[in-house]
Amino acid sequence: MLKNSYRTGLLLPTAAALALLMGGCSQEPQKASRVRPSSERKPAPEFTLKDSDGKTVQLSDYRGKVVLLNFWATWCGPCKIEIPWFIDFERRFKDQGFAVVGISMDEDGWNAVKPFISEAEMNYRVLLGNDTVAQLYGGVDALPTTFIIDREGKVAAVHSGLVSRRTYENDITQLFDSPRSGAPGADAGLRAAVSRAK
Amino acid sequence: MARLVLMLACAPLSVAQSSQLLTAVPPAKITVHRNEALEVRVTVQVKNGYHINSNKPNEDHLIPLRLKWEPGPLTAGEVVFPKPEERNYSFSQKPVSVFTGDVQVTTSFKVDAAAPAGPGIALGKLRYQACSEDTCYRPAVLEIRLPYQVE
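What counts and what doesn't
Residues numbered from 1 in each chain as written. Chains lettered and ligands numbered in written order. Predicted model: local features only at pLDDT ≥ 70, side-chain atom pairs only at ≥ 80, totals over all residues. Heavy atoms only, no water. 1 Å grid on protein atoms, 1.4 Å probe; cavity = no way out; pocket = protein on both sides within 12 Å on 5 of 7 lines; lining within 4 Å. Points joined across faces, edges and corners; volume = space filled by probe spheres on them. Helix = DSSP H or I, 4+ residues; strand = E, 2+ residues; numbered from the N terminus. Nonpolar A, V, L, I, M, F, W, Y, C, P; charged D, E, K, R; others polar. Disulfide = S-S within 2.5 Å. Buried < 20%, exposed > 50% of the residue type's maximum accessible area, 1.4 Å probe, protein only. Polar contact = N/O pair within 3.5 Å; in protein donor to acceptor, adjacent residues only side chain to side chain. Pairing = 2+ DSSP bridges. Contact = heavy atoms within 4.5 Å. Buried area = accessible area lost by both parts, 1.4 Å probe. Salt bridge = Lys/Arg side-chain N within 4 Å of Asp/Glu carboxyl O.

Draft legend 1. Spotlight on the layout of surface pockets. Looking at the largest pocket, its volume works out to about 650 Å³. Lining the largest pocket are 28 residues, and of these Lys80(A), Phe116(A), Glu119(A), Glu59(B) and His61(B) sit closest to its centre. Mapped onto the lining of the largest pocket, the elements with two or more residues apiece are helix 3 (77–93) and helix 4 (110–120) of chain A together with strand 6 (51–53) of chain B. Each residue belonging to the lining of the largest pocket can be placed in one class, and the counts come to 14 nonpolar, nine polar and five charged.

Draft legend 2. Seen up close, the state of the cysteines. Residues and elements named next belong to chain A. Enumeration according to the criterion identifies two disulfides over all chains in this entry. Covalently, Cys76 is tied to Cys79 through a disulfide, its sulfur atoms 2.2 Å apart. Residues Cys76 and Cys79 share a disulfide whose torsion about the S-S bond is about 80 degrees; that sign makes it right-handed. Accessibility expressed as a relative area gives 0% for Cys76, which makes it buried.

Draft legend 3. Seen up close, the side chain of Ser54(B). Tracing the backbone shows Ser54(B) in the loop between strand 6 and strand 7 (66–69). Among the polar contacts listed, one links the side chain of Ser54(B) to the backbone nitrogen of Lys56(B), at a separation of 2.9 Å.

Draft legend 4. Structural view of the sheet that holds strand 6 (residues 125–128) of chain A. Residue and element names in this part refer to chain A. The strand order across the open sheet formed by six strands is 1-9-8-4-5-6, and the pairing between neighbours is mixed. At either margin of the open sheet sits one strand with a lone partner, and together these are strand 1 (42–43) and strand 6. Note that strand 4 (residues 66–72) and strand 8 (residues 145–149) share five bridges and pair antiparallel. If you follow Asn70 over to strand 8, its bridge partner there is Thr146.

Draft legend 5. Examining empty space enclosed by the protein more closely. Residue and element names in this part refer to chain A. Summed over all chains, the structure comprises two cavities of 30 Å³ or more. The computed volume of the second largest cavity comes to approximately 40 Å³. Lining the second largest cavity, in full, are Leu59, Ser60, Tyr62, Arg63, Gly64, Lys65, Val67, Ile149, Asp150, Arg151 and Gly153.

Draft legend 6. Main features of the interface of chain B and chain A. Contacts between chain B and chain A engage 24 residues on the former and 26 residues on the latter. Each partner contributes to the roughly 2200 Å² buried at the junction of chain B and chain A, and carbon and sulfur atoms together form 54% of this total. When residues of chain B are sorted by the area they lose upon contact with chain A, Asp134(B), Cys136(B) and Arg138(B) head the list and together hold 33% of the total. Between the two partners, chain B and chain A, sit two salt bridges. A salt bridge links Arg127(B) to Glu107(A); the shortest N-O distance between them is 2.5 Å. Where chain B touches chain A, the interface holds seven residue pairs in polar contact (both at pLDDT 80 or more). Of all the secondary structure elements, the ones that give two or more residues to the side of chain B that touches chain A are strand 2 (17–18), strand 14 (136–137) and strand 15 (140–150) of chain B. Across two bridges, the pairing between strand 7 (residues 142–143) of chain A and strand 14 of chain B is antiparallel. In the strand pairing of strand 14 of chain B, Leu143(A) is matched with Cys136(B).

Written out as structure tokens, the structure is:
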């Protein structure tokens, strides 16, 4: 009963945590979420996990890039619909400062995940998740759950469950269009805007 | 040895054991005798709009439905699941072997010759993995408590 109670009690905190990560209290369902204004974004929790080559990876390694962080599992049917999209995003947007990072929640570990990566020809980095990281991201009881993270490491959008390819593309390109705060280009743009205002 | 099939037409709500997506309804209480063989049917109710993998999924990486009973005065034997449905989902190119709605799971038990007289509870663990059309939930365990009285 303990485990079940734990899981039953998990969904509400998960929803609350997702809402907090989104930086607001919107009543909109998760699927309708859009990229939040930068002032409302919260930092994506840092984590350290291993990839399929045994290399240690931290989220902060991706600072400066737009990241699509996808929690998935080999047994998750809807997740499989998204994987070809993510392969395409990785290929098309990689040179624009973008990366897909998959976090597998398979309990069987790499024995289950590695063959799947090969079979699906996944071209992006896949990490093996655990409950600790899942808790940092609100529990992630439902898969797929995907976090769109901006160049400053902040959560710009969250999608729980399967959403459309177009939704992801809109999120990603919207973040590409946003100026990087602290980046030389952003400063120049800000200075130009201030100058024009004068 | 008499074999009993204990069915539950109208279970009191108090015996239902639930997660968000699943409810297990065992018999409210059964009376057993030493050395008796019996079958107990548990109704597993899957929430509308969701499915759980059957005990024999069509693909290796899918997580099957399992029911295991802990050792005790009632020793569990074979667990029999109904015939699964073969359903088509947008996320799978081939039909998926699933259960939806009410699922009757039957377990054969043997009451130990030395079972002490009086009340007890057989504890079962139902491991399942549930999905809807667009979301899957991490594997979970629902505990099933089966109260019995040894006479």
